Amino acid sequence: MSHLPKPDASLFLASSVHDMKNSISVLQDTIRRLLAKAAPDESGEYHEMSQMLYETQRINGNLIQLLTLYKFGHDLYPFNPETQEIAEFARSAVSHVTPLLTSRQIGLEVELEDDCYWEFDTDLVNGIVVHAMNNAVQYTKDALRLQIETVDDALEIRIEDNGRGFPQHMVDDGIAAMRGVNFSTGSTGLGLYFAAVVAQMHGNRKERGSIRLENGGKLGGGCFILRLP
């Protein structure tokens, strides 16, 4: 009688995450279509669908991050930095969150540097930006801001909101803020950890990419900054 190979739990988990991601994506697309057909009203159903869209986008983003981290750990991800037109990159990122912003009646200001091109892995950086904007939706009052410009020979991507801002310990602790789980909020720090890993993968000469959190900015709330050399 032949013996079964020793099971690889990580492989089963990755496969399960992939299946869950596909199912959530289908649900997410369905909610988007329903919202597009509906009109905002006072019945509460429209706002419930909006919350469902936020939750499905959040879950889908987390699952994609987990699956990508698995690929990083097993040398399966085809890291592919390419020169990208920033205006086109911004349009693509914004298109992923527009239905949610519209349903929540949240304004978005986009400020870009003219004729700007930069080299980075488009899929990874797009994932960070979309996740950051989706997260900011939960905490803003009614406005978001996306700013992309070159600062000191690096590309800085800023996502700002006009909410209460980040807790001061997150601003002060930096990378350390990603450790542990906050059971009162349900935060695992996965989004920040993923962003930090992706940023570090991008380098130019001796400088590596980085992330940081601030409070203030032009909208007075929380600011997530991704810096790519």
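It should be emphasised that the depicted structure is a prediction, and the values quoted were computed from it without experimental measurement.

Calculation criteria
Residues numbered from 1 in each chain as written. Predicted model: local features only at pLDDT ≥ 70, side-chain atom pairs only at ≥ 80, totals over all residues. Heavy atoms only, no water. Pairing = 2+ DSSP bridges. Helix = DSSP H or I, 4+ residues; strand = E, 2+ residues; numbered from the N terminus. Axes fitted to C-alpha atoms, helices over the stretch in contact; angles between N-to-C directions. Contact = heavy atoms within 4.5 Å. Salt bridge = Lys/Arg side-chain N within 4 Å of Asp/Glu carboxyl O. Buried < 20%, exposed > 50% of the residue type's maximum accessible area, 1.4 Å probe, protein only. Core = buried A, V, L, I, M, F, W, Y, C linked by side-chain atoms within 4.5 Å. Left-handed = near helix turned anticlockwise from the far one by under 90°. Nonpolar A, V, L, I, M, F, W, Y, C, P; charged D, E, K, R; others polar. Phe/Tyr/Trp six-rings, centres within 6.5 Å; stacked < 30°, edge-to-face > 60°.

Q: I'm lost on the sheet that holds strand 9 (residues 221-228) in this one. Help?
A: Sheet strands line up and pair through hydrogen bonds in the backbone, either parallel or antiparallel. If you trace the 5 strands from one edge of the open sheet to the other, you get 2-4-5-9-8, paired in mixed fashion. Sheet topology places strand 2 (107-112) and strand 8 (210-216) at the edges, where each strand pairs with a single neighbour. Each neighbouring strand pair of the sheet contributes to a mean axis angle of 15°, computed without reference to strand direction. Strand direction decides the pairing type here: strand 2 and strand 4 (residues 143-151), joined by 6 bridges, are parallel. Within strand 4, the residue paired with Glu109 across the bridge is Arg145. Its contacts with the sheet put helix 6 (residues 190-201) on strand 8 and strand 9, and the angle it makes with strand 8 is roughly 130°.

Q: Would you explain the pattern of salt bridges in this entry?
A: Pairing is possible between side chains of opposite charge, provided their charged atoms come close. By the definition in use, this model includes 13 salt bridges. In this structure, Arg58 and Glu55 form a salt bridge, with 2.9 Å as the shortest nitrogen-oxygen distance. You can see Arg58 and its partner Glu55 sitting in helix 2 (residues 45-73), 3 residues apart, about one turn around the helix. When its relative accessible area of 27% is taken as the criterion, Glu55 is described as partly exposed. Across the salt bridge formed by Glu111 and Lys218, the nearest N and O atoms sit 3.6 Å from each other. Highlighted residues: Glu111 in strand 2 and Lys218 in the loop between strand 8 and strand 9, separated in sequence by 107 residues. Here Lys218 falls in the exposed class, since its relative accessible area comes to 59%. Residues joined by salt bridges that share partners form a network here, namely Glu109, Glu111, Arg145, Glu156, Arg158, Glu160, Glu207, Arg212, Glu214, Lys218 and Arg227.

Q: Quick question: what am I supposed to make of the side chain of His131 here?
A: The residue His131 is located in helix 4 (residues 122-139) in this model. Given the relative accessible area of 18%, His131 is considered buried.

Q: Even after reading the chapter, I still don't get the nonpolar core, so can you show me in this structure?
A: One recurring pattern in soluble globular proteins is that nonpolar side chains are buried together. Grouped together as the largest cluster of nonpolar side chains are 48 residues, with contacts concentrated most on Val129, Leu155, Ile157, Ile159, Phe224 and Leu226. Here this core gets 9 residues from one element, more than from any other, and that element is helix 4. Ignoring anything within four residues of it in the chain, the contact list for Ile157 reads Phe89, Val125, Val129, Leu146, Gln147, Ile148, Phe224, Ile225 and Leu226. If you look at the next biggest cluster of nonpolar residues, it comprises 6 residues, including Ala14, Val17, Leu67 and Tyr70.

Q: It is not clear to me how the packing of helix 2 against helix 4 should be interpreted in this structure. Could you clarify?
A: For any two helices packed against each other, one specifies the crossing angle of their axes together with the interaxial distance. As a packed pair, helix 2 and helix 4 sit with axes 10 Å apart at the nearest point and diverge in direction by 145°. The hand of the helix 2/helix 4 crossing is left-handed. For the pair helix 2 and helix 4, the contacting residues are Gln51, Tyr54, Gln57, Arg58, Asn62, Gln65, Thr68 and Phe72 in the first and Leu124, His131, Asn134 and Gln138 in the second. Among the residues making up the contact of helix 2 with helix 4, the classes are represented as 3 nonpolar, 8 polar and 1 charged.

Q: Can you help me understand unusual backbone geometry in this one?
A: With the exception of glycine, the majority of residues adopt a negative phi angle, and the majority of peptide bonds are in the trans configuration. With a phi angle near 50°, Asp152 is a residue other than glycine that sits in the positive phi range. Turning to its location among the elements, Asp152 is positioned in the loop between strand 4 and strand 5 (154-161). Positive phi values are uncommon outside glycine, yet Arg205 reaches one of about 60°. Along the chain, Arg205 falls in the loop between strand 6 (203-204) and strand 7 (207-208). You can call Arg205 exposed: its relative accessible area is 79%.

Q: Would you mind going over the packing of aromatic side chains with me for this structure?
A: For any pair of aromatic rings, the description rests on two quantities: the centre-to-centre distance and the angle between the ring planes. Tallied over the entire structure, the rule returns 3 aromatic pairs. Here the aromatic rings of Phe89 and Phe120 are separated by 5.1 Å at their centres, their planes lie at 75°, and the arrangement is edge-to-face. Taken as a pair, Phe89 in helix 3 (residues 86-104) and Phe120 in strand 3 (residues 117-120) lie far apart in primary sequence, 31 residues in all. A residue is classified by how much of its surface remains accessible, and Phe89, at 2% relative accessible area, is buried. Connected via pairs of aromatic rings, a cluster forms that spans Phe72, Tyr77 and Phe194.

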